[in-house]
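Summary of the model geometry
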Amino acid sequence: MKIDILTLFPGMFKGPLTESLIAKAREKGIISIMVHDIRSFTKDRHRTADDKPFGGGPGMVMKIEPVHGALKKLGCTGKKGKKPLVIYLSPQGKPFDQQKAKDLSKKKHIVLLCGHYEGIDERIMKWVDLELSIGDYVLTGGEIPAMAVVDAVSRMIPGVVKEAGSVENDSFYGGLLDCPHYTRPAVFEGMKVPEVLLSGHHKKIEEWKKAQVLARTSKRRPDLISRKKKA
Ligand code: 9WO
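Model, not experiment: these values are computed from the prediction. (Residues numbered from 1 in each chain as written. Predicted model: local features only at pLDDT ≥ 70, side-chain atom pairs only at ≥ 80, totals over all residues. Heavy atoms only, no water.)

Here's the deal with the pattern of salt bridges
Condition: The salt bridge criterion pairs a side-chain nitrogen of Lys or Arg with a carboxyl oxygen of Asp or Glu, the two atoms within 4 Å. Burial classes follow relative accessibility: with a 1.4 Å probe on protein chains only, a residue under 20% of its type's maximum area counts as buried, one over 50% as exposed, and anything between as partly exposed.
The final tally for this structure, using the stated rule, is five salt bridges. Salt-bridge contacts for K63 lead to E65; the nearest nitrogen and oxygen are separated by 3.8 Å. For K63, a relative accessible area of 23% puts it in the partly exposed group. Taking the shortest distance from any N to any O, the salt bridge between R123 and D121 comes out at 2.6 Å. Residue classification places D121 among the buried residues on the basis of a relative accessible area of 16%.

Focus on the packing of aromatic side chains
Our working rule: Note on ring pairs: Phe, Tyr and Trp rings are taken, using the six-membered ring of Trp, and paired if centres are within 6.5 Å. Classes follow the plane angle, with under 30 degrees stacked, over 60 edge-to-face and the rest tilted. Each helix is a run of H or I in the DSSP string that is no shorter than four residues. Each strand is a run of E no shorter than two, and both are numbered from the N terminus.
Under the counting rule described, the total for this entry stands at one aromatic pair. Plain terms: the ring middles of F9 and Y117 are 6.5 Å apart, the flat faces sit at 70° to each other, and that makes the pair edge-to-face. Taken together, the positions of F9 in the loop between β1 (2-7) and α1 (14-17) and Y117 in the loop between β6 (109-114) and β7 (130-133) put the pair 108 residues apart, joining distant regions of the chain. Assessed through its relative accessible area of 29%, F9 is described here as partly exposed. Here Y117 falls in the partly exposed class, since its relative accessible area comes to 34%.

Observations concerning unusual backbone geometry
For the peptide bond that leads from R184 to P185, omega is 5°, which places it in the cis range. With respect to the secondary-structure elements, P185 resides in the loop between α5 (143-154) and β8 (187-188). Backbone geometry at S20 places phi at a positive 60°, although glycine is not the residue there. Locating S20 in the fold gives a position in helix α2 (residues 20-27). At R47, a residue that is not glycine, the phi angle is positive and equals roughly 55°. Looking at the secondary structure, you find R47 in the loop between β2 (32-37) and β3 (50-51). A relative accessible area of 40% means that R47 is categorised as partly exposed.

Regarding the site of the ligand
Quick reminder of the rule: Here a residue is near a molecule or strand as soon as one of its heavy atoms is found within 4 Å of it. For the purposes of these results, a polar contact is taken to be a pair of N or O atoms within 3.5 Å, where, inside protein, one atom must be able to donate a hydrogen and its partner to accept one; residues adjacent in sequence count only when each atom of the pair is a side-chain atom. Accessible surface area values rest on a Shrake-Rupley calculation with a 1.4 Å probe, where residue burial reflects the displayed protein chains alone. Think of it as three bins: nonpolar holds Ala, Val, Leu, Ile, Met, Phe, Trp, Tyr, Cys and Pro, charged holds Asp, Glu, Lys and Arg, and polar takes everything else, Gly as well.
Near the ligand you find 18 residues, and of these Y88, S90, E118, I134 and L139 are the closest. Here a nitrogen atom of the ligand sits 3.4 Å away from a polar atom, N or O, in the main chain of Y117. Take L139: an N or O atom from its main chain is 3.0 Å from a nitrogen atom of the ligand. In isolation the ligand has 600 Å² of accessible area, and contact with the protein removes 75% of it. Per-element accounting of the shell around the ligand gives the leading share, four residues, to strand β5 (residues 85-95). Among the residues making up the shell around the ligand, the classes are represented as 10 nonpolar, seven polar and one charged.

The following block contains the structure:
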């Protein structure tokens, strides 16, 4: 899978893309992720990427020409042919969830467009296929949400996370909260690990996990239980 990220702040992506499982998946060639600086598509002497909003108001708006130039270079603006899926990250988008992550992980090529300041000139929406929100809060830009999408989508691609697909995603646990986890030591400052986990009794362990998943989810996120019943 190919992921292109368009941003005015490419440096923000260095950490998340060069550490841990995402870095490994890139090295293995399972995913190709490229970050492009929108400013490099400006054509004026001052490399202007933003301007004052028409109609007044606070802050700055990202200019359409450099963003359009970047989308054009990635083949997102043509009339025909297989085009990448262009996704804009904004609080106005549809909620991004595990199902969306799974769906997107099957795409060949996606482009994540990150706005900053008060956003991008609305006319850019002509080339945007999907607007996604990772939650109901406003950030300084779409960069962190783009990283969240890259991370969630990448781990759904076979080979990125060990045992992906089988264990949590398609099983009973899908759509519900995870159970608690423990590792050595078996006792820490007097706190014991639940006995059943040390018993070696696999059937009882599975039953315990299932009960934990249901108890936690109904207590903390009852909405997920009613959603699952409907699905
Ligand atoms: C700025 C602003 C200032 C005053 C009043 C309202 C305002 N809204 C915004 C705004 O939405 N700015 C955005 C900043 C423009 C697009 C990029 N930015 C962004 C994306 N912030 N938060 C997101 C985001 C994206 C996906 N999921 C959650 C949040």
